[in-house]
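# Reading the structure
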Amino acid sequence: MDCIELIDKYYKDFPELRNILLTHSEAVCERALRIVDAHPELGADPQFVAEAAMLHDIGIIFCNAPKIYCFGKHHYIEHGYLGAELLRKEGLPRHANVAERHTGTGLTLDEVRQNNWPIPLQDYSPRTIEEQIICYADKFYSKSHIDIELPLDKVRTSIWKYGADSVARFDKWKNLFEP
């Protein structure tokens, strides 16, 4: 599958946003593939990880985040499930699951309810090892500062907005992927 071709299908008329998406996704992909290479015992599929990492944020185009050239009508928290809908329409259900489950360290049904987020009520927790690796790798790269890899302490601080359970999930992955 040609991920760039799929991204261009939706982003060709938005060059600034396309550049941000590609730069961010390439950084996430590189980190995720380093984890896959370092941990063959986890059994992650490297081709799928590469593709899904490149497509995990495809839904940002539908959201309103002007600082990163997103001028859609949806809240940014919706980009995961919106990207998943797009990827399912493209016939990519496994890739869609990654898009849907990568926000924060995954969003539980209780967290969605408690925060009254404008997303469908369901569990958005990463389930497969590939989903977990991409979710973890994503936390180190911002789309507002695409040229910077965030240090571990800043990543942990940013995750606190999702609560202590999210930080605990992140710490578990850190110990698994980068002991």
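Every chain is numbered on its own, with residues counted from 1 as its sequence reads. Note on the predicted model: pLDDT of at least 70 is required for a residue's local features to be given, and 80 or more for side-chain atom pairs to be given and counted; whole-chain, interface and lining totals, by contrast, use all residues. Values reported for side chains reflect all heavy atoms of the structure, with hydrogen atoms and water molecules removed beforehand.

### Things to note about the pattern of salt bridges
So the rule is basically this: By definition, a salt bridge exists where a carboxyl oxygen of Asp or Glu is found within 4 Å of a side-chain nitrogen of Lys or Arg. Put simply, DSSP marks the helices as runs of H or I at least four residues long and the strands as runs of E at least two long, and each gets a number from the N terminus on. The buried label applies to any residue whose accessible area, calculated with a 1.4 Å probe on protein chains only, is under 20% of its type's maximum; exposed applies above 50%, and partly exposed to all values in between.
Scanning the entire structure with this criterion turns up 12 salt bridges. Glu178 is the salt-bridge partner of Arg31, the closest N and O atoms lying 3.0 Å from each other. Remark: Glu178 occurs in the segment after helix 9 (164–177) and Arg31 occurs in helix 2 (residues 15–38); sequence separation between them is 147 residues. Taking the relative accessible area as the measure of exposure, Arg31 reaches 7% and is therefore buried. One salt bridge in this structure joins Arg169 and Glu111, with 3.4 Å as the shortest N-O distance. Of the two residues, Arg169 sits in helix 9 while Glu111 sits in helix 6 (residues 109–115), which places them 58 residues apart along the sequence. For the pair Arg169 and Glu111, a shared accessibility class is recorded, and that class is buried.

### Points about the packing of helix 8 (residues 152–159) against helix 9
Which entries qualify depends on this criterion: Lines fitted to C-alpha atoms define the axes here, with helix axes fitted over just the stretch in contact, and angles between the N-to-C directions of these axes take values from 0 to 180 degrees. Roughly parallel covers angles under 35 degrees, roughly antiparallel covers those over 145, roughly perpendicular covers 65 to 115, and oblique covers all other angles. Two helices crossing with the near one rotated counterclockwise from the far one by less than a right angle form a left-handed crossing, whereas a clockwise rotation gives a right-handed crossing. Between two residues, a contact is recorded if the distance between any of their heavy atoms is within 4.5 Å.
Running from amino to carboxyl end, helix 8 crosses helix 9 at an angle of 150 degrees, the nearest separation of the two axes being 8 Å. As the angle between them shows, helix 8 and helix 9 are arranged roughly antiparallel. Helix 8 and helix 9 meet at a crossing whose hand is right-handed. Contact residues: helix 8 offers Leu152, Val155, Arg156 and Ile159, while helix 9 offers Ser166, Val167, Phe170, Asp171 and Lys174.

### Focus on the packing of aromatic side chains
Under the convention used in this document: Classification of ring pairs uses Phe, Tyr and Trp, with its six-membered ring standing for Trp, and accepts pairs whose centres are within 6.5 Å; under 30 degrees between planes counts as stacked, over 60 as edge-to-face, and the remaining range as tilted. Whether a charge sits over a ring comes down to the Lys NZ or Arg CZ being within 6 Å of the ring centre and within 35 degrees of the ring normal.
What the rule picks out here adds up to 5 aromatic pairs. Summarising the aromatic geometry, the rings of Tyr136 and Phe140 are spaced 5.2 Å apart at their centres and angled 65 degrees between planes, so their arrangement reads as edge-to-face. One aromatic cluster is present, built from ring pairs that chain together Tyr136, Phe140, Phe170 and Phe177. One residue, Arg94, lies across the ring of Phe48, its end atom 3.8 Å from the ring centre.

### A closer look at the nonpolar core
Rules: Put simply, a nonpolar core is a bunch of buried Ala, Val, Leu, Ile, Met, Phe, Trp, Tyr and Cys residues held in one set by side-chain atoms that sit within 4.5 Å of each other.
Counting 48 residues, the largest nonpolar core has Tyr11, Leu55, Ile58, Leu87, Ile133 and Ile134 as the members making the most contacts within it. Broken down by element, this core gets its largest block of residues, 10 residues, from helix 2. Ignoring anything within four residues of it in the chain, the contact list for Ile134 reads Val28, Ala32, Val49, Ala52, Ala53, His56 and Val98. Counting residues in each nonpolar core, the second largest holds 10 residues, with Cys63, Ile77, Leu107 and Tyr162 among its members.

### Some points on the side chain of Arg101
Residue placement: Arg101 occurs in the loop between helix 5 (93–100) and helix 6. On the accessibility criterion, Arg101 (13% relative accessible area) is buried. Discounting residues that sit within four places of it in the chain, Arg101 has contacts with Gly106, Tyr124, Ser125, Pro126, Arg127, Glu131 and Cys135.

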